[in-house]
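# Coordinates in review
Single-letter residue listing:
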Amino acid sequence: MNFPIKTLALGVVCCVFSCKGSGGPGPADPPGPKGPSDVAFWLTKGDRSVLFKKQDVVLNFSDQLNAWPNIAVDESQTFQGIDGFGYTLTGGSATLINQLPESRKAALLDELFRWDSTHIGVSYLRISIGASDLSAATFSYDDMPDGQTDPTLANFSIQMEKTDLIPVLKRILAINPAIKILGSPWSPPVWMKTNGNFKGGKLKSEYYAAYAQYFVKYVKAMQAEGIPIDAITPQNEPLHPGNNPSMEMLAPEQADFIGNHLGPAFRAAGIATKIICYDHNADRPDYPATVLQDAKAAQFTDGSAFHLYGGPISALTEVHNAFPDKHIYFTEQWVGGPGNFGEDLKWHVANLIIGAPRNWSRNVLEWNLAATADYKPHTPGGCTTCLGAVTIGNDYTKNVAYYIIAHASKFVRPGSVRIASAQSGTLQNVAFRTPEGKKVLIVLNSGGNAQPFNIQYKGKQVTTELAPGAVGTYVW
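The rules behind these values
- Residues numbered from 1 in each chain as written.
- Predicted model: local features only at pLDDT ≥ 70, side-chain atom pairs only at ≥ 80, totals over all residues.
- Heavy atoms only, no water.
- Pairing = 2+ DSSP bridges.
- Helix = DSSP H or I, 4+ residues; strand = E, 2+ residues; numbered from the N terminus.
- Disulfide = S-S within 2.5 Å.
- Buried < 20%, exposed > 50% of the residue type's maximum accessible area, 1.4 Å probe, protein only.
- Contact = heavy atoms within 4.5 Å.
- pLDDT = per-residue confidence, 0-100.
- 1 Å grid on protein atoms, 1.4 Å probe; cavity = no way out; pocket = protein on both sides within 12 Å on 5 of 7 lines; lining within 4 Å.
- Points joined across faces, edges and corners; volume = space filled by probe spheres on them.
- Nonpolar A, V, L, I, M, F, W, Y, C, P; charged D, E, K, R; others polar.
- Phe/Tyr/Trp six-rings, centres within 6.5 Å; stacked < 30°, edge-to-face > 60°.
- Lys, Arg positive; Asp, Glu negative; His and termini not counted.
- Salt bridge = Lys/Arg side-chain N within 4 Å of Asp/Glu carboxyl O.
- Polar contact = N/O pair within 3.5 Å; in protein donor to acceptor, adjacent residues only side chain to side chain.
- Right-handed = clockwise from strand over helix to strand, strands pointing away.

### Things to note about the sheet that holds strand β12 (residues 370-371)
Spatial ordering of the open sheet is given by β12-β13-β14, a layout of 3 strands whose pairing is mixed. Of all the strands in the sheet, the pair left with one neighbour each is β12 and β14 (396-398). With 2 bridges connecting them, β12 and strand β13 (residues 390-392) associate as parallel partners. Of the residues in β13, the one forming a bridge with A370 is V390.

Rendered as structure tokens:
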């Protein structure tokens, strides 16, 4: 985590959804008798009056024309495939989930990871390799007494994860065995670092090979627990050494580490886990470019990962255009507590759920899945105001990041493909085709007034409306 960019302070005006306008002209109901609807419509409003609820309206495609703005969806134009949507299951999140009473734990895991009924079908998770700043304390998988080292990694162990993280992951995998898991370290063991501290410092050059084997041991140890690691990044936020834990790893250093150590170590061990570079803000597209321009590193690097605490989301397209054979990922964005539901909903949907896929990202991950009401646990010096997607005490309550992800994760299943959809004024949007052939259109009304509009598809159209600040997912 580092400092967030400001959300847009747009006013939220309460407006009740209707297929007819109130007090003036509005979109008419689709012609014909009431009955089955061509389009399923799920809605969240910024004033919280509707929270990810399927709407009981009939939306049927017809030839009827009107003057409302149009969003044309064209599945003949396809872009990147989609790996999934989800959160970071921090160590603290796992502890809180695991401490819930069994009935509530089961209910929460079903609500998050199943995708039948009203469940939201989270399909991608990020976890920390060792402690993150949202762990209760700092640790690695090979901690040694002061002054001692372990270059052969004889003391490597993931035993400390068997209390909370591994049991929770096993329950998640029982619900969705195909979920993708990305691992990211905040710091290596401190004996590998120039400052001997979890906060800051660099990886000593003499330990590059040992640290590569640390990743090999990690992937194999998790696999032995039945937990496949789909991908790793070599370092969370490598340009932010002020967190606890953290480490600075400059782009040439990361290229060296991947190209000469980590990549060859994975290849020698027969590990297919993807290596994704960078994992930091969109204001430094030169960083992944440096790694991907390195011939040795590039052959082992699947793509680059981004956060959005700095820079524009369009920087992801800049990197895609320069390296079109490499994938783009979006791996972290926090919601700062206590937050503003309406403004946070608009900003995150606009920039992450819509913006990241429109700029070639294969996934979208919000930051921490769970925290207490006072934003715990966290390390000394870690994030003290990170609002979880759920708040956990004796039970759990859902926060804005839950709904942000839900609007995509439930419908845009892994293996979906982004397809073309026209932007129209304040109606920001993104469209997908699922493996089953369904079309999914996610629309945000970022304006200050209720906005009727048409969804156009294959020469027909259906008319709908979104309140100011509302998000709609349309499926047909």
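### Some points on the state of the cysteines
By the definition in use, this model includes 1 disulfide. In this model C383 forms its disulfide with C386; the gap between the sulfur atoms is 2.1 Å. Note on the C383 and C386 pair: the S-S dihedral is about 110°, so by sign convention the disulfide is right-handed. Assessed through its relative accessible area of 10%, C383 is described here as buried.

### With respect to helix α6 (residues 286-293)
Residues Y287, P288, A289, V291 and L292 constitute the buried set of α6. In this structure, the buried side of α6 is in contact with α5 (251-269), β8 (274-281), α7 (295-300), β9 (301-307) and α8 (315-322).

### Examining the confidence of the model for the protein chain
Summing up the model confidence of the protein chain, the mean pLDDT is 94 and the portion of residues at 70 or higher is 93%. Taken together, the stretch residues 3-32 has pLDDT below 50 and engages in 63 contacts with residues farther than four places along the chain or on a different chain.

### Digging into empty space enclosed by the protein
Following the criterion strictly, the structure yields 1 cavity of 30 Å³ or more and no others. Around the largest cavity sit K202, L203, Y208, M247, E248, M249 and E253, which together line it. A class-by-class count of the residues in the lining of the largest cavity yields 4 nonpolar, no polar and 3 charged.

### A short note on the side chain of T391
Positionally, T391 belongs in strand β13. Accessibility expressed as a relative area gives 16% for T391, which makes it buried. When residues no more than four places from it in sequence are discounted, the contact partners of T391 are A371, T372, A373, Y396, T397 and N399.

### A few points about the packing of aromatic side chains
Under the defined criterion, the tally for this structure stands at 27 aromatic pairs. Geometrically, the ring pair formed by F215 and F257 is tilted, given 6.0 Å between the ring centres and 55° between the ring planes. Of this pair, F215 sits in helix α4 (residues 208-224) while F257 sits in helix α5, and the two are 42 residues apart along the sequence. Grouping residues by exposure puts F215 and F257 together as buried.

### A few points about the side chain of D150
Along the chain, D150 falls in the loop between β5 (124-129) and α3 (165-175). Among buried charged residues, D150 stands out as having no salt bridge; its nearest opposite-charge side chain is K217, 8.1 Å away. At 2.8 Å, the side chain of D150 and the backbone nitrogen of N155 are in polar contact. If we ignore the near neighbours within four places in the chain, the residues touching D150 are D142, M144, N155, F156 and W191.

### Observations concerning the pairing of β5
Across the 6 residues of β5, 6 count as buried, placing the element largely inside the fold. Sheet topology note: the strand β4 (residues 84-88)/β5 ladder contains 3 bridges and is parallel. Pairing of Y87 across the sheet is with L125, part of β5. Two strands pair when backbone bridges link them, and β5 and strand β6 (residues 180-185) are joined in this way by 6 bridges, in the parallel orientation. Bridging from a neighbouring strand, I129 pairs with P185 of β6. Each parallel crossover has a hand, and for β5 linked through α3 to β6 it is right-handed.

### Focus on the pattern of salt bridges
All chains considered together, the criterion is met by 18 salt bridges. Two residues, D279 and R126, come together in a salt bridge whose shortest N-O distance is 2.9 Å. One end of the pair, D279, is in strand β8; the other, R126, is in strand β5, and 153 residues separate them in sequence. Owing to a relative accessible area of 0%, D279 belongs among the buried residues under this scheme. With a relative accessible area of 0%, R126 lands in the buried category. Note that D374 and K376 form a salt bridge whose closest N and O atoms lie 3.8 Å from each other.

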